Structures are given as C-alpha cells and as structure tokens.
Amino acid sequence: MKGWYDPRTGSTGEDPYGLEGLEDLDGYAGAWSTPAPEPGSPLPPFRPSLSLERTRFAVDLPDASTATVDVDHMSGRASLYRNDRHVQTADMPVRFPLGSNSIEVAASRYGMQRIHLISANGSQRRLDPAPGTPEHWRAQLSRRRPGTARALAAGAVIVLAANLILLAPQLLEVVTHLPLWADRFTPFVSPINLPASANTALTIAATLAGIERALTFRHHRLLDAETDGIES
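Residues numbered from 1 in each chain as written. Predicted model: local features only at pLDDT ≥ 70, side-chain atom pairs only at ≥ 80, totals over all residues. Heavy atoms only, no water.

Participant: What is the right way to look at the overall build of the protein in this model?
Facilitator: Across its full length, the protein carries 5 helices and 11 strands. Burial statistics for the protein: of 232 residues in total, 38% are counted as buried. Contacts in the protein between residues at least 24 apart in sequence constitute 48% of all its contacts with a sequence separation of at least 6. (Helix = DSSP H or I, 4+ residues; strand = E, 2+ residues; numbered from the N terminus. Buried < 20%, exposed > 50% of the residue type's maximum accessible area, 1.4 Å probe, protein only. Contact = heavy atoms within 4.5 Å.)

Now the structure itself:
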C-alpha cells in the first residue's frame with residue numbers, strides 16, 4: 001500500500017490518517033516542479049505575496065534547534081530546514097525523520113491536511129504557522145475576533161452542507177446517464193435542476209468554504225466530500 005514517503009530510507013509506510021493519494025490529486029504533484037534547494041542552503045524569507053502558492057510552519061525541537069517546513073503547493077513538495085538550513089525536499093505526503101522524532105506533512109490544493117511533529121513516545125504536536133502565511137492570519141483572527149472566526153467556520157459548514165444537498169443529486173444524474181451506467185441500469189433523475197449560473201456560484205462558494213476549513217485544519221469525509229471531488 002502506498003503511504004508516507006520517508007526520504008531517509010526511500011520507502012513508504014502505512015497511511016494511518018487516510019491521506020493516501022493526496023500527492024496525485026489532479027496530477028499536480030510535481031507538475032510544476034522547481035529544483036530543490038541545495039543541502040545547507042539558507043531558508044529564504046517568506047513573501048506573503050506568494051501565500052497562494054506556498055506556506056510555512058515551524059517548531060522548536062527538544063535539542064533546542066528549530067525545524068521549519070516550507071510547503072510548495074504548486075509542485076506538491078515540502079522542504080525541511082533545520083536552524084534555517086535546508087536538509088531535504090520530498091513530494092507530499094512525506095514523513096521527515098528527525099532522530100527519534102519525525103514530521104508528517106500532507107497537503108491538498110486548499111491547504112494543509114497534516115503538519116505534525118511526532119515524538120518518539122507517540123505524542124503529536126501541530127507545527128506553528130509562520131508569520132505572513134494564510135494559516136497564521138487565520139489563527140490571529142481566531143484569537144483577536146473569536147466571534148467572527150466562529151461565524152466563518154459555521155458559514156463554511158452551512159455552504160458545504162447546502163452543496164451536498166443541492167449538487168449531489170445533479171451530479172448523480174449526470175453520472176447515471178453515462179453509457180457505462182445507462183446501458184445497464186435506469187438513469188437517476190434529479191429532483192433538483194438548477195441553472196448553470198447557480199451551480200457555478202455554489203461551486204465557487206464550496207471552494208472558498210474548503211479553503212476556510214483547510215486553514216483551520218478541519219476535515220470531514222462526508223462534509224468535505226465535494227471539495228475533495230473538485231480536487232480530484
């Protein structure tokens with residue numbers, strides 16, 4: 001089974017978090033690949049203008065060093081830096097070894113799925129978003145304006161639930177009218193038939209809701225099924 005890639009051994013391991021295949025979404029993993037940084041090269045400054053393409057997280061390690069993970073959404077790669085010096089780069093999802101600890105990194109087009117430090121005793125800690133990243137901005141919003149943050153989170157849930165109710169029957173109708181199905185079974189007729197403009201608006205709203213949930217590391221297999229489908 002394909003799972004987490006370990007750049008130290010060049011092998012894959014089990015995927016206990018159900019993130020298998022994220023690197024193949026829409027075939028974009030590596031599609032916009034750029035050369036990996038040279039070993040030992042310095043960590044470049046993070047530019048907020050690139051926040052739609054990249055993000056960054058950091059954590060202080062028990063040995064007083066700092067591990068930083070720079071994520072390139074366009075290439076589907078993550079780069080590990082230690083004390084601001086490049087260690088290795090790999091396609092996601094990846095498990096970076098750090099002695100007896102490790103950092104697990106997985107991302108979707110909307111944002112991070114997982115960015116956790118796994119200690120030798122099995123405890124887990126999510127890395128902190130670097131200043132200037134979308135995740136850092138969203139975390140600040142939660143601290144400074146918790147009411148607004150809760151409203152955004154609730155709105156995202158409502159939008160995705162509405163999309164499941166309104167778009168799922170229409171998508172099912174399209175699928176069951178394909179020859180592979182229609183030649184064998186009776187096609188499904190959706191009781192909901194919205195105009196194309198309304199479906200487009202719902203899809204855009206679902207995309208924004210998916211981004212909101214990714215920025216706060218929320219994911220539900222059913223609720224986020226549509227945004228997962230948009231990615232694939």
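Don't stop here, the text continues.
Participant: Got a minute to help me understand the packing of aromatic side chains in this structure?
Facilitator: Between two aromatic rings, the relevant description is the distance of the centres plus the angle of the planes. Counted under the stated rule, the structure contains 1 aromatic pair. For the ring pair phenylalanine 57 and phenylalanine 217, a centre distance of 6.1 Å and an interplane angle of 75 degrees mean the geometry is edge-to-face. Here phenylalanine 57 is found in strand S3 (residues 54-60), whereas its partner phenylalanine 217 is found in the loop between helix H4 (196-215) and helix H5 (225-231), with 160 residues between them in sequence. Just above the ring of phenylalanine 217 sits the side chain of arginine 126; from NZ or CZ to the centre is 4.2 Å. (Phe/Tyr/Trp six-rings, centres within 6.5 Å; stacked < 30°, edge-to-face > 60°. Lys NZ or Arg CZ within 6 Å of the ring centre and 35° of its normal.)

Participant: What is the right way to look at the pairing of strand S4 (residues 66-72) in this model?
Facilitator: Looking along a regular strand, one sees side chains alternate from face to face of the sheet. With 6 of its 7 residues buried, S4 lies for the most part within the structure. With 7 bridges joining them, S3 and S4 adopt antiparallel strand pairing. Its bridge partner lying in S4, phenylalanine 57 is registered against valine 69. Two successive antiparallel strands, S3 and S4, enclose a turn made up of 5 residues, where alanine 64 displays a positive phi of approximately 75 degrees. The sheet contact formed by S4 and strand S5 (residues 77-82) spans 6 bridges and is antiparallel. (Pairing = 2+ DSSP bridges.)

Participant: Any chance you could explain the side chain of aspartate 70 here in plain terms?
Facilitator: Take aspartate 70: it is sitting in strand S4. Note on aspartate 70: relative accessible area 2%, which makes it buried. At 2.3 Å, the side chain of aspartate 70 and the side chain of arginine 54 are in polar contact. A distance of 3.0 Å separates the side chain of aspartate 70 from the side chain of arginine 56, its partner in a polar contact. Aside from chain neighbours lying at most four places away, what touches aspartate 70 is Arg54, Thr55, Arg56, Arg77, Ala78, Ser79 and Tyr81. (Polar contact = N/O pair within 3.5 Å; in protein donor to acceptor, adjacent residues only side chain to side chain.)

Participant: Honestly, the confidence of the model for the protein in this entry has me stumped. Any pointers?
Facilitator: Scored by pLDDT, the protein has a mean of 82; 80% of the residues are at 70 or more. Mean pLDDT across the elements of the protein ranges from a minimum in H5, with 55, to a maximum in S5, with 96. Counting interchain partners and residues more than four positions distant, the pLDDT-below-50 stretch residues 20-32 has 32 contacts. (pLDDT = per-residue confidence, 0-100.)

Participant: How should the pairing of S3 be read in this particular structure?
Facilitator: Two elements, S3 and strand S11 (residues 128-129), share 2 bridges in a ladder whose sense is antiparallel. Its bridge partner lying in S11, phenylalanine 57 is registered against proline 129.

Participant: What exactly am I supposed to notice about the sheet that holds S5 here?
Facilitator: Taken together, 5 strands build an open sheet; the order of strands is S6-S5-S4-S3-S11 and the sheet is antiparallel. The sheet is open, and its two edges are formed by strand S6 (85-91) and S11, each paired on a single side.

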